[in-house]
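Fold and geometry: a report
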Amino acid sequence: GGFHILWNWPQTMQSASDSFWKGSTPSTSPQAQTERLKVRLAGYPRKHNEGRVELFYKGEWGTICDDDFSLSNANVLCRQLGFVSATGWTHSAKYGKGQGKIWLDNVLCNGGEKSIELCKSRGWGNSDCTHDEDAGVVCKDERIPGFVDSNVIDATVDENRVEEVRLRPIVAMAKKRLPVTEGVVEVKHKDGWAQICDVGWTIKNTRVVCGMLGFPHERKVNKNFYKLSLERQKNHFHIHSVACTGTEVHLAACPMEFSKPNATSSCEGGMAAVVSCMPGPLFMQNSGLKKKLKTSSNVRLKGGARLGEGRVEVLKDSEWGTVCDDRWNLQSASVVCRELGFGSAKEALTGGRMGQGMGPIYMNEVKCVGLEKSIWNCPFKNTTSEDCQHMEDAAVRCNIPYMGLENTIRLTGGRTRYEGRVELLSSDSNGTQSWGLICGESWSTPEAMVACRQLGLGYANQGLQETWYWDSSNVTEMVMSGVKCTGNEMSLSQCQHHKTVNCQKAAAKFSAGVICSETASDLVLNASLVQETVYIEDRPLHMLYCAAEEDCLSKSAAKANWPYGHRRLLRFSSQIHNIGRADFKPKAGRHSWVWHACHGHYHSMNIFTHYDLLNANGTKVAEGHKASFCLEDTDCQESVSKRYECANFGDQGITVGCWDLYRHDIDCQWIDITDVKPGNYIMQVVINPNFEVAESDFTNNAMKCNCKYDGHRIWLHNCHVGDALSEEAEKRFEKYPGQLNNQIS
């Protein structure tokens, strides 16, 4: 587990790309001309932006000794790895001991060097260290724009970098619409944009450009049509003879020639390269075509805040599972992205960066070329539990088309850029634009999730119905009301809302607001534990006074002949895991928690979980209600320490990587089934049912089981979390036939 990602350059590209990366930068030593220094992160356990530093020198990988190591050294290395800076460094082989050479020792950088080899040191291969002293770095998780590779970065940086690429539409129709799918390919050059000469241009080049711009497929283009209009324009050709293989994720990774700085930019026998791309279903204007081109149904992304990012999950035998990150790279990630109707991959993420999955882990060491139709067509290994754990779940960030959605929404009045009153840009009948507010009534978490996504600010931490405590702006008009989102929409305009604005409290202080956050928690119930621990108990009423006070029995208990008789309780354990990227904390501060003398502790949430028994047509026949008894870390994964404990008015919550266990034998951990007749039912548990606390994924908050009750005993089978099965399997589950032949006569 925990391997580094290596980007293997085909040998034929080596020479072409050498000259391209180098350009005319004066080289630092003869050695650097023959071979560029490669840097990688390795070790375990680690995240993609941290690890043991390894350098590739004279044909082999080696490490750096931690003597005299400093943050300045770490900054140089992190930039070489494509991160903006370092946040720290590690000593004494924190990420495990390396092998082979210890290449550098007593390294002293100022922090501004372009490469670690320009810093002072004892020289290559001179050290008095052992691998117990291997140094590591922790980099700020933010990429330098235009960096192509995910982990092994070549140290020479060239001024001829291709960073930004765009399509400039020529057809009048196309200019008005987003996304732009066809036009002249232009690269950012100095202060303007330059064109590419299309002599020798192939469809493989087109594929790479389309992928970068967020489109899964390329289309043939009618060159004659463009020839006329392009001949009238003055073109500035900066790049010639591009030779992509079609698997690159960025144009910068393709071999190409740059025009000489002072040469006349000509393109004899050719014209500016023109490209046409096919958008994925989410971004198509034509709805008829959308239906035909439904994207893959056996791959999905989970837990991402933005469109086109998330943990990769694949479907096998009707059950969803994850992919292990060993050898996970940009080519494999791109196959997933294109399969889902996005472009190529911007990042291949390792180490459970988009939260951990709960189900099976189906694939390991996936090795796609980058041209496959589906990840299932790539070579991979089946995993065993020794190989991989969910800490190593692979994730992706895909390139998506520019839609300009973030230009029609803004936040005002907040203390940081992540919060504020939501303002929308809308046009009136005359076509004039002024900004306006959203009515706060009915505004809640799903709506806030869409607003934060549209703003590009991650997850919604909270949706606010009143914003009087934030600075007011001069915008006072309400332009939208009655907003209802599922939570999956790309923008608020895609949600349901009133045709004409109708708002009871139309003052600015009652307008909708959000607090967004880069990370969020994600709670999920351990379904198999429910199935293993279920049983029936007939509990005497004289032992249930406390539970009755806490409202944990069904309504008919009030009419019972206390203290005689009993209630029949369906009991089970629930173990609730936080597999997200932020701690789950109650929304209410501790000043508003309620003391329950009966059980001797504070309740931090009114309703934390619903326990229901439903009959075949979905009607409730019995319910249990679970106030957040007390949220705490019962237990955690190996590397995680507990943070929350209820005793002594302690902090309540569930840490990432920990779980809270409510054992079957504690009070109220039941459904009161005294009044239930024998038959077939569905048992359902829903966590955080009112979306009171932000989560990255609400689709996994419900758990269901088939339930058979014969009046004496109970059987649960097929317990599963709401999003764990395929749609077909879920439909079959709902239609579970009611057999009523086991009634007691």
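Residues numbered from 1 in each chain as written. Predicted model: local features only at pLDDT ≥ 70, side-chain atom pairs only at ≥ 80, totals over all residues. Heavy atoms only, no water.

In the annotation of an unreviewed UniProt entry, the entry for the chain reads Lysyl oxidase homolog, and the organism field reads Echeneis naucrates. UniProt, in the comment section headed Cofactor (unreviewed entry), describes the chain in these words: "Cu cation". (UniProt positions renumbered as here; feature names shortened; annotations may be inferred.)

1. Thoughts on the overall build of the chain
When helices and strands are tallied, the chain shows 12 helices and 41 strands. In the chain, which comprises 745 residues, the proportion classed as buried is 54%. Pairs at least 24 residues apart make up 72% of the contacts formed inside the chain by residues separated by at least 6 positions. For the chain, the exposed surface amounts to about 33900 Å²; the carbon and sulfur share of it is 50%. (Helix = DSSP H or I, 4+ residues; strand = E, 2+ residues; numbered from the N terminus. Buried < 20%, exposed > 50% of the residue type's maximum accessible area, 1.4 Å probe, protein only. Contact = heavy atoms within 4.5 Å. Areas by Shrake-Rupley, 256 points an atom, 1.4 Å probe, with all protein chains shown as cover.)

2. Thoughts on the packing of aromatic side chains
The geometry of an aromatic ring pair is captured by two quantities: the separation of the ring centres and the angle between the planes. Here the structure, examined in full by the defined rule, presents 17 aromatic pairs. Between Tyr 469 and Trp 470 the ring centres are 5.5 Å apart and the planes differ by 75°, which places this aromatic pair in the edge-to-face class. Residue Trp 470 is classed as buried on the basis of its relative accessible area of 6%. On the basis of an interplanar angle of 55° and a centroid distance of 4.5 Å, the ring pair of Phe 691 and Phe 698 is categorised as tilted. Of the residues examined, Phe 691 reaches a relative accessible area of 31% and is grouped as partly exposed. Taken together, Trp 593, Trp 595, Tyr 602 and Phe 649 form an aromatic cluster joined through their ring pairs. One cation-aromatic arrangement involves Arg 40 over Trp 61; the distance from NZ or CZ to the ring centre is 3.8 Å. (Phe/Tyr/Trp six-rings, centres within 6.5 Å; stacked < 30°, edge-to-face > 60°. Lys NZ or Arg CZ within 6 Å of the ring centre and 35° of its normal.)

3. Things to note about the pattern of salt bridges
With the rule as written, the count across this model stands at 33 salt bridges. In this structure, the salt-bridge partner of Arg 122 is Asp 105, at a minimum N-O distance of 3.9 Å. With Arg 122 in the loop between strand E5 (101–104) and strand E6 (136–139) and Asp 105 in the loop between E5 and E6, this pair connects stretches of sequence that are 17 residues apart. Here Asp 105 falls in the buried class, since its relative accessible area comes to 0%. Put simply, Arg 166 and Glu 186 hold a salt bridge, and the shortest N to O gap is 2.6 Å. You can see Arg 166 sitting in strand E8 (residues 165–168) and its partner Glu 186 sitting in strand E9 (residues 182–189), a full 20 residues away along the chain. Residue class for Arg 166 comes out partly exposed when judged on its relative accessible area of 30%. By relative accessible area, Glu 186 is classed as buried at 2%. Shared partners join several salt bridges into a network, and the residues in it are Arg 300, Lys 302, Arg 311, Glu 313, Asp 697 and Asp 723. (Salt bridge = Lys/Arg side-chain N within 4 Å of Asp/Glu carboxyl O.)

4. Some words on helix H8 (residues 330–339)
Along H8, 10 of the 10 residues are buried, which leaves the element largely enclosed by surrounding structure. Among the residues making up H8, those that are buried are Leu 330, Gln 331, Ser 332, Ala 333, Ser 334, Val 335, Val 336, Cys 337, Arg 338 and Glu 339. Structurally, H8 contributes buried residues whose contacts are with helix H5 (203–212), strand E15 (299–302), strand E16 (309–316), strand E18 (345–349) and strand E21 (395–398). One side-chain oxygen at the N-terminal end of H8 lies 3.2 Å from the backbone nitrogen of Gln 331; it belongs to Asn 329. Once H8 finishes, Gly 341 follows within two positions and takes phi at roughly 90°, a positive value. (Polar contact = N/O pair within 3.5 Å; in protein donor to acceptor, adjacent residues only side chain to side chain.)

5. With respect to the sheet that holds strand E31 (residues 574–578)
Strand pairing in a sheet is mediated by backbone hydrogen bonds. Such pairs are either parallel or antiparallel. The strand order across the open sheet formed by 4 strands is E28-E31-E37-E36, and the pairing between neighbours is antiparallel. For this open sheet the edge positions go to strand E28 (523–525) and strand E36 (635–636), each flanked by a neighbour on one side alone. Summarising the sheet, E36 and strand E37 (residues 658–662) pair through 2 bridges and their orientation is antiparallel. Bridge pairing links Cys 636 to Cys 658 in E37. (Pairing = 2+ DSSP bridges.)

6. A look at the sheet that holds strand E41 (residues 714–721)
In space, the 5 strands of this open sheet follow the order E35-E34-E39-E40-E41, with antiparallel pairing throughout. On the outer flanks of this sheet lie strand E35 (620–626) and E41, each paired with one strand and no other. Here the strands of the sheet are splayed against their neighbours by 20° on average, with no regard to which way each runs. Relative to strand E39 (residues 679–687), strand E34 (residues 609–614) runs antiparallel, the two sharing 6 bridges. (Axes fitted to C-alpha atoms, helices over the stretch in contact; angles between N-to-C directions.)

7. Details of H5
Within H5, 8 of the 10 residues are buried, leaving the element largely enclosed by the surrounding structure. Those residues of H5 that sit buried are Asn 205, Thr 206, Arg 207, Val 208, Val 209, Cys 210, Gly 211 and Met 212. Buried positions along H5 lie against E8, E9, strand E11 (217–219), strand E14 (274–278) and H8.

8. Describing the state of the cysteines
Linking two cysteines covalently through their sulfur atoms gives a disulfide. Taken as a whole and judged by the stated rule, the model has 16 disulfides. With a sulfur-sulfur separation of 2.0 Å, Cys 197 is cross-linked through a disulfide to Cys 267. In this structure, the disulfide formed by Cys 197 and Cys 267 twists by about 70° around the S-S bond and is classed as right-handed. Of this pair, Cys 197 sits in the loop between strand E10 (192–196) and H5 while Cys 267 sits in the loop between strand E13 (257–258) and E14; the two residues are 70 residues apart in sequence, bridging distant segments of the chain. Accessibility expressed as a relative area gives 10% for Cys 267, which makes it buried. The cysteine Cys 707 is free of any disulfide, with Cys 705 supplying the nearest cysteine sulfur at 7.9 Å. On the accessibility criterion, Cys 707 (0% relative accessible area) is buried. (Disulfide = S-S within 2.5 Å.)

9. Topic: the environment of His 48
Counting through the fold element by element, His 48 comes out in the loop between strand E1 (38–42) and strand E2 (50–57). By relative accessible area, His 48 is classed as buried at 8%. Each C-alpha atom of the pair His 48 and Gly 352 lies 9.5 Å from the other, and the pair is 304 residues apart in sequence. Look past the residues within four positions of His 48 in its chain and what remains in contact with it is Leu 41, Phe 83, Asp 141, Glu 347, Leu 349, Thr 350 and Arg 353.

10. Things to note about the nonpolar core
Residues Phe 608, Leu 613 and Met 683 are the most contacted members of the largest nonpolar core, which totals 50 residues. Val 249, Tyr 362, Met 363 and Ile 375 belong to the second largest nonpolar core, which has 26 residues in total. (Core = buried A, V, L, I, M, F, W, Y, C linked by side-chain atoms within 4.5 Å.)

11. What to know about the side chain of Thr 63
Relative to the helices and strands, Thr 63 resides in strand E3 (residues 60–64). A polar contact is formed between the side chain of Thr 63 and the side chain of Asp 134, at a distance of 2.8 Å. Filtering out sequence-adjacent residues up to four positions away, Thr 63 remains in contact with Arg 52, Val 53, Glu 54, Gly 98, Lys 101, Ile 102, Trp 103, Leu 104, His 131 and Asp 134.

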